[in-house]
Amino acid sequence: MLDLLVRNATLPDGRTGMSIAVQDGRIAEVTAGLDAPAHETLDAQGQLLTPHFIDPHFHMDATLSYGLPRVNESGTLLEGIALWGELKPLLTQEALIERALAYCDWAVAKGLLAIRTHVDTSDPSLLAVDALLEVKRRVAPYIDLQLVAFPQDGVLRSPGGLDNLKRALDKGVDVVGGIPHFERTMADGATSVKLLCEIAAERGKLVDMHCDESDDPLSRHIETLAFEAQRLGLQGRVNGSHCTSMHSMDNYYVSKLIPLIAESGVSVIANPLINITLQGRHDTYPKRRGMTRVPELMAAGVNVAFGHDCVMDPWYGMGSGDMLEVAHMGLHVAQMTSQAGIRRCFEAVTRNAAKVLHLTNYGLEAGCDASFVLLQARDPVEAIRLRATRLKVYRKGVLLAETAPAVATLHLVGRGEQTAFFPTR
């Protein structure tokens, strides 16, 4: 007897009337119209069943700290950085753990079951590192949490920055991070990329760098990152996050740069909510959107994913852990409103993000983990449009969260009693 049978589901690739058989936490079979005995049977009623959502770029050490020690009144990046500097001396491991666990509760409710979070290694005490390693241990039964050693004040710019990062890796942090555009000079930035990639190659680690999060078209550390990935044989193991300077670069240079990124196997993570908020602040009009060149990168074969980046922290006072909100903003900023473009934005918070994190057993095929979300939507386009309700969230066949369908009761003469925001078909 099966542990779980999901019937009459629509899958992201458009297949309808599908059944997903689950045994021992894995998908045993995906086929149309399967009817078999199971301990639990779920009728999806034609709604969308998707692999769980993934956030490949987040800052969990700062999340839910909005208003501590004060609110970012200007909403700018610079005030956010100043606020984080004010908050760091006040941080306690217990409070940081509690805020992170609360956010992980939100994530589960939204079907977000894998998160890559950068953790600041600039503090010699590594308080945030120890706290998030403890969070990772606690949430392991329900969230894959991947930690990036992130020298937020610059690995060369801050005293002891390199030693702090290495100690974080020794403690069990998973990924080597960096922020080359924040080093004191362009040359130091390039040196930091080389140095950090060499550490990753030596230790067998993945790489994920905040790269060119700037409006400066001359901030070109993504080029160095692509070169080092190839030089060190790290193809497919390196990611450049943000890369917002590409939105300000001239087309001739980008026509050279994008093929280099594709050739190197470097992936790119855009963070639509934050990029559209923080970039272009020095512009009057015309005003730059500030997000990297998502459709062009995708067209060149670069794996592009979307991250949330921040939720209720010194840099961004909004957010709820909803990756469909991220995809929704992404398709607008990138003008990816074609049917194919919208679906690619859905993949940017599911399949593409899984590739960045090197997740195994992810998907809706036989042999994959039975970790999926039933949405109150009939296809990925509708899911993004509605930021669809997560009706059921499963991890390895175990129900983690459920939400009642979103239905409004109407009191209108001559009209129906309810609406669920679906057009008739």
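Residues numbered from 1 in each chain as written. Predicted model: local features only at pLDDT ≥ 70, side-chain atom pairs only at ≥ 80, totals over all residues. Heavy atoms only, no water.

### Brief notes about the overall build of the protein
We apply this condition: Under the scheme used here, helices are H or I runs from DSSP no shorter than 4 residues and strands are E runs no shorter than 2 residues, and both carry numbers assigned from the N terminus. Atoms considered for the radius of gyration are the C-alpha atoms alone. The globule rule reads 2.2 Å times the number of residues to the power 0.38. A 1.4 Å probe rolled over the protein chains alone gives each residue an accessible area, and that area as a share of the maximum for its type sets the label: buried under 20%, exposed over 50%, partly exposed in between. Residue contacts follow a heavy-atom distance rule, with two residues in contact if any of their heavy atoms lie within 4.5 Å. We get accessible surface area from the Shrake-Rupley algorithm with a probe of 1.4 Å; when it comes to residues, only the shown protein chains can shield them. The charged-residue count follows a simple rule in which Lys and Arg add positive charge and Asp and Glu add negative charge, with His and chain termini not counted at all. To locate a charge, take NZ of a lysine, CZ of an arginine, CG of an aspartate or CD of a glutamate.
Within the protein, the regular secondary structure consists of 13 helices and 18 strands. Taken against the 2.2 N^0.38 rule, which gives 22 Å for 425 residues, the C-alpha radius of gyration of the protein at 22 Å falls within 12% of a compact globule. Along the first, second and third principal axes, the C-alpha set of the protein runs to 65 × 45 × 45 Å. Counting the 425 residues in the protein, one finds 54% classified as buried. For the protein, long-range pairs separated by at least 24 residues make up 74% of all intrachain contacts whose partners lie at least 6 apart in sequence. Just so you have it, the protein exposes about 17,300 Å², and 53% of that area is on carbon and sulfur atoms. One finds the centroid of the 41 positive side-chain charges in the protein at a distance of 3 Å from the centroid of its 50 negative side-chain charges.

### Observations concerning the sheet that holds strand S10 (residues 206–211)
Heads up, the rule is: A pair of strands is treated as paired once DSSP finds two or more bridges between them. The axes are straight lines fitted to the C-alpha atoms, using for helices just the contacting stretch, and the angles between their N-to-C directions are given from 0 to 180°.
Read across the open sheet, the eight strands follow the order S6-S7-S8-S9-S10-S11-S12-S13; overall the sheet is parallel. For this open sheet the edge positions go to strand S6 (53–58) and strand S13 (304–306), each flanked by a neighbour on one side alone. Direction aside, the axes of adjacent strands within the sheet are offset by 25 degrees on average. For strand S9 (residues 175–178) and S10, the ladder comprises four bridges, and the chain directions are parallel. Bridging from a neighbouring strand, Val-175 pairs with Leu-206 of S10.

### Comments concerning the packing of helix H6 (residues 221–231) against helix H7 (residues 251–264)
Put simply, the test is: Every angle not falling under 35 degrees, over 145, or within 65 to 115 is termed oblique; those three ranges are roughly parallel, roughly antiparallel and roughly perpendicular. Crossing handedness follows the turn of the near helix against the far one: under a right angle anticlockwise gives a left-handed crossing, and clockwise gives a right-handed one. In this count, Pro and Cys sit with the nonpolar residues alongside Ala, Val, Leu, Ile, Met, Phe, Trp and Tyr, while Asp, Glu, Lys and Arg are called charged and the others, Gly among them, polar.
H7 packs onto H6 with a crossing angle of 30 degrees between their chain directions and a minimal axis gap of 9 Å. In terms of their interaxial angle, H6 and H7 are classed as roughly parallel. Here H6 runs over H7; the crossing is left-handed. Mapping the contact onto sequence places Ile-222, Glu-223, Ala-226, Ala-229 and Gln-230 in H6 and Tyr-253, Lys-256, Leu-257, Leu-260, Ile-261, Glu-263 and Ser-264 in H7. Residues that form the contact of H6 with H7 fall into these classes: seven nonpolar, two polar and three charged.

### Some points on the environment of Val-175
Here Val-175 lies in strand S9. Val-175 gets classed as buried once you look at its relative accessible area, which sits at 0%. Distance in space between the C-alpha atoms of Val-175 and Ala-300 is 26 Å, their sequence separation being 125 residues. Setting aside chain neighbours within four positions, we find Val-175 in contact with Arg-116, Gln-146, Leu-147, Val-148, Ala-149, Leu-169, Leu-206, Val-207 and Asp-208.

### Topic: the sheet that holds strand S1 (residues 2–9)
Taking strand neighbours across the sheet as the criterion, the four strands line up as S3-S2-S1-S4 in an open arrangement whose pairing is mixed. Two strands lie at the open edges of the sheet, namely strand S3 (26–32) and strand S4 (38–43), each paired on one side alone. The average angle at which neighbouring strand axes cross in this sheet is 15 degrees, direction not considered. In the sheet, strand S2 (residues 18–23) pairs with S3 via six bridges, with the strands oriented antiparallel. Following the sheet pairing, Gln-23 is matched in S3 by Arg-26.

### A word on the state of the cysteines
Note the threshold: Any two cysteine sulfur atoms lying within 2.5 Å of each other are counted as a disulfide.
Evaluation of the coordinates by the stated rule reveals zero disulfides. Distance from the sulfur of Cys-104, which forms no disulfide, to the nearest cysteine sulfur (Cys-310) is 16 Å. Exposure remark for Cys-104: the relative accessible area of 0% places this residue in the buried category. The thiol of Cys-345 is unpaired, and the distance to the nearest cysteine sulfur, on Cys-243, comes to 17 Å.

### Quick look at the side chain of Arg-395
Applied cut-off: What qualifies as a polar contact is a pair of N or O atoms within 3.5 Å, subject to a donor-acceptor requirement within protein and to the restriction that residues adjacent in sequence count only when both atoms come from side chains.
Here Arg-395 shows up in strand S15 (residues 390–395). Here Pro-141 takes part through its backbone oxygen, which lies 3.0 Å from a polar atom of the side chain of Arg-395. The contact partners of Arg-395, leaving out residues within four places of it in the chain, are Leu-113, Ala-140, Pro-141, Tyr-142, Ile-143, Asp-144, Ala-370, Ser-371 and Leu-400.

### As for the nonpolar core
Note the following rule: We call a set of buried residues a nonpolar core when its members are Ala, Val, Leu, Ile, Met, Phe, Trp, Tyr or Cys and they connect through side-chain atoms within 4.5 Å of each other.
One finds Met-60, Ile-115, Val-135, Leu-225, Met-246, Ile-261 and Val-294 to be the most contacted residues of the largest nonpolar core, which totals 99 residues. Looking at which element gives the most residues to this core, the answer is helix H2 (residues 93–109), with eight residues. Excluding residues that lie within four positions of it along the chain, Leu-225 makes contacts with Val-193, Cys-197, Val-207, Met-209, Cys-211, Val-238, Asn-239, Gly-240 and Val-266. Ranked by size, the runner-up nonpolar core spans 18 residues in total, among them Ala-44, Leu-364, Phe-372 and Leu-391.

### What to know about the packing of aromatic side chains
In this description, a pair of aromatic rings is defined by centroid distance and the angle of the planes. This is how the line gets drawn: Any two rings among Phe, Tyr and Trp, with Trp reduced to its six-membered ring, count as a pair given centres within 6.5 Å; such a pair is stacked if its planes are under 30 degrees apart, edge-to-face if over 60, and tilted if neither. A ring is considered to have a charge above it if a Lys NZ or an Arg CZ atom is located within 6 Å of its centre and within 35 degrees of its normal.
Under the criterion given, the structure shown has five aromatic pairs. Their ring planes at 45 degrees and their centres at 5.9 Å tell us that Trp-84 and Trp-315 sit as a pair that is tilted. Here Trp-84 is found in helix H1 (residues 77–87), whereas its partner Trp-315 is found in the loop between S13 and helix H10 (323–333), with 231 residues between them in sequence. Residue Trp-84 is classed as buried on the basis of its relative accessible area of 3%. Trp-315 sits in the buried class, given a relative accessible area of 10%. For the pair Tyr-103 and Trp-106, a centre-to-centre distance of 6.2 Å together with 50 degrees between the ring planes defines the contact as tilted. Of this pair, Tyr-103 and Trp-106 both sit in helix H2, three residues apart, which is roughly one turn of that helix. What makes Trp-106 partly exposed here is its relative accessible area of 33%. The structure contains a cluster of three or more aromatic residues connected by ring pairs, namely Phe-58, Tyr-103 and Trp-106. Positioned above the aromatic ring of Phe-182 is the side chain of Arg-157, whose terminal nitrogen or guanidinium carbon lies 4.4 Å from the ring centre.

All quantities given are derived from atomic positions and should not be read as evidence of function.
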